[in-house]
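Structural overview
So you can see what is in the structure, the chains are spelled out below.
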Amino acid sequence: MILTPSAPQAQPSTHASMGSRDPISGASPSNASPYSITAPVLPSDTQSTEHLPPTQHKHIWFVTGPAGCGKTTSAAFLARTWGLPYLEGDTFHPPANIAKMAAGHPLTDDDRWSWLEKIGNAAVAAVTDNSLSTTSAPPQAVILTCSALKKSYREKLRSAAQAGGVKVHFLYLALSPEELVRRVTARKGHYMKAEMVRSQLEALEEPDAGERAADAVVVDAGRGFHEVEAEVREAFERVMGDDRV
Ligand SMILES: Nc1ncnc2c1ncn2[C@@H]1O[C@H](COP(=O)(O)OP(=O)(O)O)[C@@H](O)[C@H]1O
Ligand SMILES: O=C(O)[C@H](O)[C@@H](O)[C@H](O)[C@H](O)COP(=O)(O)O
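Residues numbered from 1 in each chain as written. Chains lettered and ligands numbered in written order. Predicted model: local features only at pLDDT ≥ 70, side-chain atom pairs only at ≥ 80, totals over all residues. Heavy atoms only, no water.

Going by what an unreviewed UniProt entry lists, the protein chain is known as Gluconokinase and is assigned to Myriangium duriaei CBS 260.36. On record in UniProt, under Sequence similarities (unreviewed entry), the comment for the protein chain is "Belongs to the gluconokinase GntK/GntV family." Under the UniProt heading Catalytic activity (unreviewed entry), the entry covering the protein chain gives this text: "D-gluconate + ATP = 6-phospho-D-gluconate + ADP + H(+)". (UniProt positions renumbered as here; feature names shortened; annotations may be inferred.)

Following this line, the structure appears as structure tokens:
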């Protein structure tokens, strides 16, 4: 089930070509695609405009949902706004997984397990050591993209964070099947083809009520760039604000 299916809205004219905007600097025009990103993106790669107040805990933000829902776009928005490191989940796949998906075959749970383990470990490391920091201290938060389609996958990511004593959050970008297919079809130069959206939706388990009460925020991703950014920003500021020192 899709929680908030919605018709696509017209994009604000200034964002009409955001698919080709540089996702970190936001620079436009550019011939960069979001998939030219190689992980990690460091805070110094961003031109952050906002300062994050000190928080009691370290935070991992997973931006989740099926291919095409806008994970890369929203993760890059958070990273460049707050000057946070950003890790692209796809870069943790072994080559065999990428080849499999590019050939149009969905991954199995087995295929995904070691990938999720790497993502969880990398997320915790990002906020507990300073390998992704441009100062002497580890960053307060890290942003990761990961489809995290099933509850069991999210549980695995949660347990990695729990072991590291770090708070974890899931931003789930809800989008109708039709709009997912439209966006994946329109996107060029990516191994994930539109036919794969169906299998992603078959695997998908949206965050349930318990997850939403705990650590998952559902964002209606069917609106224009500005509206989605505003909702993502609101969720991020609310959660981080609640953890202020
Ligand atoms: N709110 C939006 N409205 C219209 N198109 C969008 C929106 N957000 C992202 N897109 C476009 O949809 C495509 C998929 O977005 P992307 O961020 O790459 O998703 P994902 O990382 O989840 O696969 C890209 O071409 C992107 O520019
Ligand atoms: O769990 C999976 O089936 C895969 O990880 C899959 O989710 C894939 O990696 C991305 O969906 C592709 O890329 P985008 O989501 O970035 O389009």
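Turning next to the environment of Leu132. By the secondary structure assignment, Leu132 is in the loop between helix H3 (109-128) and strand S3 (141-145). On the basis of relative accessible area, Leu132 is assigned to the buried category, the value being 9%. The spatial distance from the C-alpha of Leu132 to the C-alpha of Asp111 is 27 Å, given a sequence separation of 21 residues. With near-sequence residues (within four places) excluded, Leu132 lies in contact with Pro40, Leu42, Pro43, Pro85, Leu87 and Ala126. (Helix = DSSP H or I, 4+ residues; strand = E, 2+ residues; numbered from the N terminus. Buried < 20%, exposed > 50% of the residue type's maximum accessible area, 1.4 Å probe, protein only. Contact = heavy atoms within 4.5 Å.)

Tallied over the entire structure, the rule returns 4 aromatic pairs. Seen in terms of ring centroids, Trp82 and Phe236 are 5.3 Å apart; in terms of plane orientation they differ by 35°. Their pairing is tilted. With Trp82 in helix H1 (residues 71-82) and Phe236 in helix H8 (residues 225-242), this pair connects stretches of sequence that are 154 residues apart. A relative accessible area of 8% places Trp82 in the buried class. Both rings, one in Trp113 and one in Tyr153, keep their centres 6.2 Å apart while their planes meet at 65°; by these two values the pair is edge-to-face. One end of the pair, Trp113, is in helix H3; the other, Tyr153, is in helix H4 (residues 151-163), with 40 residues separating them in the sequence. Ring pairing ties together the aromatic residues Trp61, Trp82 and Phe236, which thus form one cluster. (Phe/Tyr/Trp six-rings, centres within 6.5 Å; stacked < 30°, edge-to-face > 60°.)

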